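Fold and geometry: a report
The lines below spell out each chain.
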Amino acid sequence: MDMRAGQSGKRGAAVGLLLCMLLTGCGAEDVAQAPAGAGQGVPTDAKLAQLYGASCKQCHANPAAGAPLTGDVQAWAPRLEKGMDTLLDHSINGFQGMPPLGLCMQCGEADFRALIEFMAAAPQPAEGR
């Protein structure tokens, strides 16, 4: 067995991981004080929750990323004013620090629309409280 082939595979995996980390750098916008609870929500729909957790959450639940936090209605307001078509275009093609598809390769237009609507909405209190 050629030992160089194993090292090459490990090197390729490391390069891939580094590239992925660099691509998830998200936005470079100024981070304002977010309201309590912003970035903490999770969709109630199981499929959306999985998609959100696998891609959106990396930036939209991390104040340091510069992306508008999930549930921060004030941060989302100027973006929503641009219209859903613009937000879908930014989600699919990338915009500023947001990578194309938001790194959600399995998301379709309906998924992006639902995820945007979820992230832009005010957090809902948990039932039973």
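In this numbering scheme, every chain counts its residues from 1 along its sequence in written order. With the structure being a predicted model, the display of local features is reserved for residues of pLDDT at least 70 and the display and counting of side-chain atom pairs for 80 or more, all residues being used for whole-chain, interface and lining totals. As a rule here, side-chain values cover all heavy atoms of the structure and leave hydrogens and water aside.

Under the annotation held in an unreviewed UniProt entry, the chain carries the name Cytochrome c domain-containing protein and is attributed to Aquipseudomonas alcaligenes.

**Thoughts on the packing of aromatic side chains**
Classification of ring pairs uses Phe, Tyr and Trp, with its six-membered ring standing for Trp, and accepts pairs whose centres are within 6.5 Å; under 30 degrees between planes counts as stacked, over 60 as edge-to-face, and the remaining range as tilted. In total, this model carries 1 aromatic pair according to the counting rule given. On the numbers, 5.4 Å between centres and 80 degrees between planes, the contact of Tyr 52 with Phe 118 is edge-to-face. Residue Tyr 52 is located in helix H2 (residues 46-60), and its partner Phe 118 is located in helix H5 (residues 109-120); the two are separated by 66 residues in the primary sequence. Runs of H or I in DSSP of at least four residues are treated as helices and runs of E of at least two as strands, each being numbered from the N terminus.

**Some points on the state of the cysteines**
Any two cysteine sulfur atoms within 2.5 Å of one another count as a disulfide. Inspection of every chain in the model, using the stated rule, returns 1 disulfide. Two residues share a disulfide in this structure: Cys 104 and Cys 107, whose sulfurs sit 1.9 Å from each other. What sets the handedness of the Cys 104 and Cys 107 disulfide is the S-S torsion sign, and at about 70 degrees it is right-handed. Note on accessibility: Cys 104 and Cys 107 belong to one class, buried. Free cysteine: Cys 56, not disulfide-bonded; nearest cysteine sulfur from Cys 107 at 6.2 Å. Exposure is judged per residue with a 1.4 Å probe applied to protein chains only, and the accessible area is read against the type maximum: over 50% gives exposed, under 20% gives buried, and values in between give partly exposed. Classification of Cys 56 by relative accessible area gives buried; the value is 11%.

**Observations concerning the side chain of Asp 111**
Tracing the backbone shows Asp 111 in helix H5. Whether two residues touch is decided by their heavy atoms; if any such pair falls within 4.5 Å, the residues are in contact. With residues near it in sequence (within four places) discarded, Asp 111 still touches Lys 47, Leu 48, Leu 51 and Gln 106.

**Comments concerning the packing of helix H4 (residues 84-93) against H5**
For helices, the axis comes from a line fit to the C-alpha atoms of the stretch in contact; other axes are also lines fit to C-alpha atoms, and the angle between any two N-to-C directions lies between 0 and 180 degrees. Relative to each other, H4 and H5 sit at 110 degrees, their axes nearing to 10 Å. The angle between the axes of H4 and H5 places the two elements in the roughly perpendicular class. The two elements H4 and H5 cross, and the hand of that crossing is right-handed. Here Met 84, Leu 87, Leu 88, Ser 91 and Ile 92 of H4 come into contact with H5, specifically with Glu 109, Phe 112, Arg 113, Ile 116 and Glu 117. Three residue categories are used. Nonpolar comprises Ala, Val, Leu, Ile, Met, Phe, Trp, Tyr, Cys and Pro, charged comprises Asp, Glu, Lys and Arg, and polar comprises the others, including Gly. Among the residues making up the contact of H4 with H5, the classes are represented as 6 nonpolar, 1 polar and 3 charged. Roughly parallel means an angle under 35 degrees; roughly antiparallel means over 145; roughly perpendicular covers 65 to 115; every other angle is labelled oblique. In this scheme, a crossing is called left-handed if the near helix is turned counterclockwise away from the far one by less than a right angle; it is called right-handed if the turn is clockwise.

**Some points on the pattern of salt bridges**
What makes a salt bridge here is a side-chain nitrogen of Lys or Arg within 4 Å of a carboxyl oxygen of Asp or Glu, nothing more. The tally for this structure, following the rule as stated, stands at 2 salt bridges. Between Asp 111 and Lys 47 there is a salt bridge, with the nearest N and O atoms lying 3.0 Å from each other. With a gap of 64 residues between them, Asp 111 in helix H5 and Lys 47 in helix H2 connect regions that are remote in the sequence. Arg 113 serves as the salt-bridge partner of Glu 109, at 3.6 Å between the closest nitrogen and oxygen. Linking Glu 109 with Arg 113, this pair stays in helix H5, spanning 4 residues, or about one helical turn.

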